[in-house]
Amino acid sequence: MKVIKTADGIIQAVAEAHRSGLSVGFVPTMGALHQGHLSLVRAASETCGLVVVSIFVNPTQFNDPEDLRRYPRDLEGDLRLLEKERTDLVFAPDVKEIYPEPDTRIFDLHPLDQVMEGRFRPGHFNGVAQVVSRLFELVNPDVAFFGRKDFQQLTIIRRLVGILGLKVRIVGCPIIRESDGLAMSSRNQLLSREERAAAPHISQVLREATELTGKMKPEELVTWVTTAVNKHPLLQVEYFEIVDDELLMPVTDWEQKVNKVGCIAVHLGKVRLIDNMVFA
Ligand code: AMP
């Protein structure tokens, strides 16, 4: 496993792999790695000749400076975890390597960036599009792996690839959960003991809700989920929506011939967690 810190370094290393006929699989991350990230690395290593993992906390996708400051960072620990997987290259650049000049590009992600996360984190998805397009330019992957944990992000990345006319294939991977159901997230480290004990309530309510589609209309189920999560004194729902998986528009009728996903954001003290589940 080779750790590369510069833009030129990663361009050259990947070009060499391409020249020798290897397909390049790419897993972009912000570090503080857990089993969710490692599942993406395993998916990449199963299908690609060269596995590249990036670790970069992208400042342009944080709409809250305090969130950026507190975001967990542990490069040494991350490298130890990646050593145990089949990782060939770790790209861990400084901000200057990714953004030699301030990135002022605006991407047309409408309407995908207007709803859910986009409504509460203005500018977030434009920042995601900036960093992902720059990373794709440097790493030039054949396949890139993203978690369905960030479901809206995955939808937006597919759109971005279309806008940029890239050939990269985007693979969406399943959400990895703790044994109590909590979706793994780097932000889980920031939870106090009490908050951590409360957090699995979110996925428990979502799971229960997936069984209630025969009993309630979509809008009633939305209210039911919000009320059930908020019943826990430490949890405060920011939004819950059941949307289709292409345009992220609210589902109004279970008969609609679309894939339906229930997406939630919840505040737990100073931490904000997101999760989602498929609704049949
Ligand atoms: P992040 O480091 O939070 O930017 O995440 C990097 C990648 O890992 C993204 O594609 C995430 O969707 C994915 N990811 C994060 N948590 C999980 C999880 N619990 N299960 C599957 N993928 C995940």
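Residues numbered from 1 in each chain as written. Predicted model: local features only at pLDDT ≥ 70, side-chain atom pairs only at ≥ 80, totals over all residues. Heavy atoms only, no water.

A.B. asks: Residue-level account of the sheet that holds strand S3 (residues 50–55), with values.
C.D. replies: Taking strand neighbours across the sheet as the criterion, the six strands line up as S1-S4-S3-S2-S5-S6 in an open arrangement whose pairing is parallel. Strand pairing shows two members of the sheet lacking a second neighbour, strand S1 (2–4) and strand S6 (169–173), which therefore form its edges. The average angle at which neighbouring strand axes cross in this sheet is 25°, direction not considered. Of the pairings in the sheet, the one linking strand S5 (residues 143–147) to S6 comprises five bridges and is parallel in character. Among the inter-strand pairings, Val143 is bridged to a residue of S6, identified as Arg169. On the sheet, helix H4 (residues 75–83) packs against S1, S3 and strand S4 (89–91) and is oriented at approximately 165° with respect to S3. Packed on one face of the sheet, helix H8 (residues 151–164) meets S5 and S6 and runs near 175° to S6. (Pairing = 2+ DSSP bridges. Helix = DSSP H or I, 4+ residues; strand = E, 2+ residues; numbered from the N terminus. Axes fitted to C-alpha atoms, helices over the stretch in contact; angles between N-to-C directions. Contact = heavy atoms within 4.5 Å.)

A.B. asks: Describe the nonpolar core, with residues and values.
C.D. replies: Core analysis: the largest hydrophobic core is formed by 46 residues, its most contacted members being Ile10, Val52, Phe136 and Ile170. With nine residues, helix H7 (residues 124–139) is the largest single contributor of residues to this core. The contacts of Ile170, once residues within four sequence positions are left out, are Phe136, Ala144, Phe146, Leu154, Ile157, Arg158 and Val161. Counting residues in hydrophobic clusters, the runner-up holds 27 residues, among them Leu182, Val251, Trp254 and Leu268. (Core = buried A, V, L, I, M, F, W, Y, C linked by side-chain atoms within 4.5 Å. Buried < 20%, exposed > 50% of the residue type's maximum accessible area, 1.4 Å probe, protein only.)

A.B. asks: How would you summarise the packing of aromatic side chains if you had to cite specific residues and measurements?
C.D. replies: Tallying each qualifying case throughout the model produces seven aromatic pairs. With a centroid separation of 6.2 Å and an interplanar angle of 65°, the aromatic rings of Phe26 and Phe136 are classed as edge-to-face. One end of the pair, Phe26, is in strand S2 (residues 24–29); the other, Phe136, is in helix H7, and 110 residues separate them in sequence. Residue Phe136 is classed as buried on the basis of its relative accessible area of 5%. Judged by centre distance (6.4 Å) and plane angle (55°), the ring pair of Phe56 and Tyr99 falls under tilted. Taken together, the positions of Phe56 in the loop between S3 and helix H3 (65–70) and Tyr99 in the loop between helix H5 (95–98) and helix H6 (117–120) put the pair 43 residues apart, joining distant regions of the chain. The exposure class of Phe56 is buried, given its relative accessible area of 6%. Since its relative accessible area comes to 8%, Tyr99 is described here as buried. Put simply, the rings of Phe26, Phe136 and Phe146 touch in pairs and so form one group of aromatic residues. (Phe/Tyr/Trp six-rings, centres within 6.5 Å; stacked < 30°, edge-to-face > 60°.)

A.B. asks: Break down the sheet that holds strand S8 (residues 260–268) for me, with residues and values.
C.D. replies: The strand order across the open sheet built from three strands is S7-S8-S9, with neighbouring strands paired in antiparallel fashion. At either end of the open sheet lies a strand with only one pairing partner, and these are strand S7 (235–244) and strand S9 (271–279). Recorded for the sheet is a direction-independent mean angle of 15° between the axes of neighbouring strands. Here S8 runs beside S9; their pairing, made up of nine bridges, is antiparallel. Looking at the pairing, Ile264 lines up with Asp275 of S9. Each of S7, S8 and S9 touches helix H11 (residues 218–230); the most contacted strand, S7, lies at about 155° to it.

A.B. asks: A description of the site of the ligand should follow, citing residues and the corresponding values.
C.D. replies: Close to the ligand lie 16 residues; His37, Gly147, Asp150, Ile176 and Met184 are nearest. The backbone of Met30 places a nitrogen or oxygen atom 2.9 Å from an oxygen atom of the ligand. Placement of the ligand is best described as lying within the largest cavity. Only S2, helix H2 (35–47) and S5 provide two or more residues apiece to the shell around the ligand. (Near = heavy atom within 4 Å. Polar contact = N/O pair within 3.5 Å; in protein donor to acceptor, adjacent residues only side chain to side chain. 1 Å grid on protein atoms, 1.4 Å probe; cavity = no way out; pocket = protein on both sides within 12 Å on 5 of 7 lines; lining within 4 Å. Sits in = over half its atoms within 2 Å of the grid points.)

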